[in-house]
Amino acid sequence: MRRFNAYRGKIDRIVGLVLGLGMMGLTANAQAEDIETVKVVAKEFEFQPATIEMEAGETVRLKLVNNGQLSHNLHLRGISTNTETIQAGNSDTVRVTASENGTLEFYCDVPGHEQAGMTGKIVAE
Ligand SMILES: [Cu+2]
(Lines give C-alpha, C1' and ligand atoms only; values in the text may rest on other atoms or scores of the structure.)
Protein backbone atom coordinates (compact mmCIF):
# COMPACT_ATOMS: atom_id res chain seq x y z
CA MET A 1 0.00 0.00 0.00
CA ARG A 2 1.29 3.40 -0.92
CA ARG A 3 2.27 5.70 1.86
CA PHE A 4 1.83 8.85 -0.14
CA ASN A 5 -0.62 10.01 -2.70
CA ALA A 6 -0.42 13.28 -4.46
CA TYR A 7 -1.85 15.24 -7.28
CA ARG A 8 -1.92 18.68 -8.72
CA GLY A 9 -4.33 21.23 -7.41
CA LYS A 10 -5.73 22.27 -10.74
CA ILE A 11 -7.13 18.81 -11.41
CA ASP A 12 -8.26 17.99 -7.89
CA ARG A 13 -11.61 16.58 -8.61
CA ILE A 14 -10.82 14.34 -11.53
CA VAL A 15 -7.78 12.73 -10.00
CA GLY A 16 -9.34 12.64 -6.58
CA LEU A 17 -12.12 10.46 -7.87
CA VAL A 18 -9.73 8.08 -9.54
CA LEU A 19 -7.58 7.70 -6.46
CA GLY A 20 -10.69 7.46 -4.34
CA LEU A 21 -11.47 4.08 -5.81
CA GLY A 22 -8.58 2.61 -3.91
CA MET A 23 -8.18 5.13 -1.13
CA MET A 24 -11.41 5.88 0.59
CA GLY A 25 -9.87 8.28 3.03
CA LEU A 26 -8.09 10.34 0.47
CA THR A 27 -11.00 11.97 -1.25
CA ALA A 28 -12.52 13.39 1.89
CA ASN A 29 -9.22 14.82 3.01
CA ALA A 30 -8.27 16.17 -0.35
CA GLN A 31 -11.52 17.99 -0.95
CA ALA A 32 -11.33 19.91 2.30
CA GLU A 33 -10.53 23.56 1.86
CA ASP A 34 -8.64 24.04 5.10
CA ILE A 35 -5.55 22.23 3.87
CA GLU A 36 -2.30 23.69 5.05
CA THR A 37 -0.18 25.26 2.35
CA VAL A 38 3.57 24.77 2.60
CA LYS A 39 5.59 27.13 0.47
CA VAL A 40 8.61 25.55 -1.18
CA VAL A 41 11.07 27.89 -2.87
CA ALA A 42 12.98 26.61 -5.88
CA LYS A 43 16.18 28.24 -7.07
CA GLU A 44 19.58 27.29 -8.35
CA PHE A 45 20.05 24.59 -7.22
CA GLU A 46 18.05 23.81 -4.15
CA PHE A 47 14.66 23.64 -2.54
CA GLN A 48 13.90 25.62 0.60
CA PRO A 49 12.95 23.97 2.82
CA ALA A 50 14.61 20.76 1.69
CA THR A 51 12.83 18.78 4.39
CA ILE A 52 9.08 19.10 4.91
CA GLU A 53 7.45 17.51 7.90
CA MET A 54 3.83 16.43 7.99
CA GLU A 55 1.68 14.17 10.08
CA ALA A 56 0.59 10.74 8.97
CA GLY A 57 -2.94 10.98 7.64
CA GLU A 58 -2.51 14.64 6.80
CA THR A 59 -2.92 16.33 3.43
CA VAL A 60 -0.84 19.38 2.63
CA ARG A 61 -0.65 21.62 -0.39
CA LEU A 62 2.87 22.24 -1.60
CA LYS A 63 3.17 25.57 -3.35
CA LEU A 64 6.31 25.64 -5.42
CA VAL A 65 7.52 29.19 -5.95
CA ASN A 66 10.33 29.76 -8.42
CA ASN A 67 12.66 32.40 -7.01
CA GLY A 68 15.48 31.43 -9.32
CA GLN A 69 16.53 32.44 -12.80
CA LEU A 70 15.94 29.12 -14.58
CA SER A 71 12.78 27.06 -14.92
CA HIS A 72 12.15 24.48 -12.20
CA ASN A 73 9.60 21.91 -11.14
CA LEU A 74 8.90 19.52 -8.28
CA HIS A 75 8.50 15.81 -8.97
CA LEU A 76 7.54 13.34 -6.28
CA ARG A 77 9.75 10.30 -6.65
CA GLY A 78 7.92 7.09 -7.40
CA ILE A 79 4.60 8.86 -7.86
CA SER A 80 3.61 10.18 -11.24
CA THR A 81 2.72 13.55 -9.81
CA ASN A 82 4.51 16.81 -10.26
CA THR A 83 4.11 20.50 -10.69
CA GLU A 84 4.38 22.11 -14.07
CA THR A 85 7.82 23.28 -15.02
CA ILE A 86 7.52 26.92 -14.06
CA GLN A 87 9.50 29.91 -15.10
CA ALA A 88 11.12 32.40 -12.74
CA GLY A 89 8.56 34.24 -10.66
CA ASN A 90 5.76 31.72 -11.18
CA SER A 91 4.25 29.08 -8.91
CA ASP A 92 2.30 25.83 -9.07
CA THR A 93 0.88 23.49 -6.46
CA VAL A 94 0.56 19.81 -5.73
CA ARG A 95 -1.24 18.15 -2.87
CA VAL A 96 0.27 15.31 -0.91
CA THR A 97 -1.48 12.93 1.45
CA ALA A 98 0.55 10.71 3.75
CA SER A 99 -1.50 7.70 4.74
CA GLU A 100 1.14 6.50 7.18
CA ASN A 101 4.61 7.28 8.45
CA GLY A 102 7.29 7.39 5.83
CA THR A 103 9.62 9.47 3.70
CA LEU A 104 8.95 10.65 0.18
CA GLU A 105 11.69 12.20 -1.89
CA PHE A 106 11.16 14.96 -4.37
CA TYR A 107 13.40 16.50 -7.00
CA CYS A 108 13.53 18.87 -9.94
CA ASP A 109 13.57 16.91 -13.18
CA VAL A 110 14.94 19.67 -15.39
CA PRO A 111 18.08 18.02 -16.83
CA GLY A 112 21.02 18.36 -14.46
CA HIS A 113 19.14 20.02 -11.64
CA GLU A 114 18.68 16.98 -9.42
CA GLN A 115 22.36 16.17 -9.82
CA ALA A 116 23.19 19.76 -8.90
CA GLY A 117 21.35 19.44 -5.62
CA MET A 118 17.67 20.07 -6.27
CA THR A 119 16.33 17.33 -4.04
CA GLY A 120 14.31 17.23 -0.87
CA LYS A 121 12.14 14.98 1.20
CA ILE A 122 8.78 14.89 2.90
CA VAL A 123 8.81 13.15 6.24
CA ALA A 124 5.51 11.95 7.69
CA GLU A 125 5.41 10.99 11.35
CU1 LIG B 1 15.36 22.93 -11.31
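As a reminder, the structure under discussion sits directly above these lines.
Keep in mind the model is a prediction, meaning the values are calculated, not measured. (Residues numbered from 1 in each chain as written. Predicted model: local features only at pLDDT ≥ 70, side-chain atom pairs only at ≥ 80, totals over all residues. Heavy atoms only, no water.)

Caption draft 1: The overall build of the protein, seen in detail. Counting its regular elements, the protein contains two helices and nine strands. Scanning the protein from its N terminus toward the C terminus, one meets helices and strands in the order β-α-α-β-β-β-β-β-β-β-β. Across the 125 residues in the protein, those meeting the buried criterion constitute 45%. Nonlocal contacts in the protein, meaning residues at least 24 apart in sequence, comprise 65% of its contacts between residues at least 6 apart. (Helix = DSSP H or I, 4+ residues; strand = E, 2+ residues; numbered from the N terminus. Buried < 20%, exposed > 50% of the residue type's maximum accessible area, 1.4 Å probe, protein only. Contact = heavy atoms within 4.5 Å.)

Caption draft 2: Layout of the sheet that holds strand β8 (residues 102–107). Ordered by their spatial adjacency, four strands build an open sheet running β4-β9-β8-β6, and the pairing between neighbours is mixed. With partners counted over all chains shown, the strands left at the sheet margins are β4 (51–54) and β6 (75–76), one partner each. Here β6 runs beside β8; their pairing, made up of two bridges, is antiparallel. By the bridge assignment for β8, Leu76 is matched with Phe106. (Pairing = 2+ DSSP bridges.)

Caption draft 3: Fine view of the coordination of the copper ion. At 2.0 to 2.7 Å from the copper ion lie its protein donor atoms, namely His72 (ND1), Cys108 (SG), His113 (ND1) and Met118 (SD). Here the copper ion is ringed by four donor atoms whose angles at the metal span 85 to 135°, and the overall shape comes out irregular. (Donors = N, O, S within 2.8 Å, 3.2 Å for Na, K, Ca; no water. Tetrahedral: all angles 85-135°; square planar, octahedral: opposite > 155°, others 65-115°.)

Caption draft 4: Here's a closer look at the pattern of salt bridges. All chains considered together, the criterion is met by three salt bridges. Taking the shortest distance from any N to any O, the salt bridge between Glu105 and Arg77 comes out at 2.7 Å. Linking Glu105 in strand β8 with Arg77 in the loop between β6 and β7 (91–98), this pair joins segments that are 28 residues apart in sequence. The class of Arg77 is partly exposed, set by a relative accessible area of 32%. Arg77 is the partner of Glu114 in a salt bridge, and the nearest nitrogen-oxygen pair spans 2.7 Å. Pair noted here: Glu114 is in the loop between β8 and β9 (119–124) and Arg77 is in the loop between β6 and β7, with a separation of 37 residues, a long-range link. The partly exposed category is assigned to Glu114, whose relative accessible area is 24%. (Salt bridge = Lys/Arg side-chain N within 4 Å of Asp/Glu carboxyl O.)

Caption draft 5: How the structure looks around the nonpolar core. Phe4, Phe47, Leu62, Leu76, Val96 and Ile122 are the most contacted members of the largest nonpolar core, which totals 25 residues. Among the elements of the structure, β1 (4–8), β2 (36–43), β4, β5 (59–66), β7, β8 and β9 are those that each provide at least two residues to this core. (Core = buried A, V, L, I, M, F, W, Y, C linked by side-chain atoms within 4.5 Å.)

Caption draft 6: Highlighting the side chain of Thr97. Take Thr97: it is sitting in strand β7. For Thr97, a relative accessible area of 6% translates into the label buried. Only 2.6 Å separates the side chain of Thr97 from the side chain of Thr59, close enough to count as a polar contact. (Polar contact = N/O pair within 3.5 Å; in protein donor to acceptor, adjacent residues only side chain to side chain.)

Caption draft 7: Expanded view of the packing of aromatic side chains. Applying the stated criterion to the full structure yields one aromatic pair. Aromatic side chains Phe47 and Phe106 sit 5.1 Å apart centroid to centroid with 75° between the ring planes, which places their arrangement in the edge-to-face category. Placement of the pair is Phe47 in strand β3 (residues 46–48) and Phe106 in strand β8, with a sequence separation of 59 residues. Assigned by exposure class, Phe47 and Phe106 land together as buried. (Phe/Tyr/Trp six-rings, centres within 6.5 Å; stacked < 30°, edge-to-face > 60°.)

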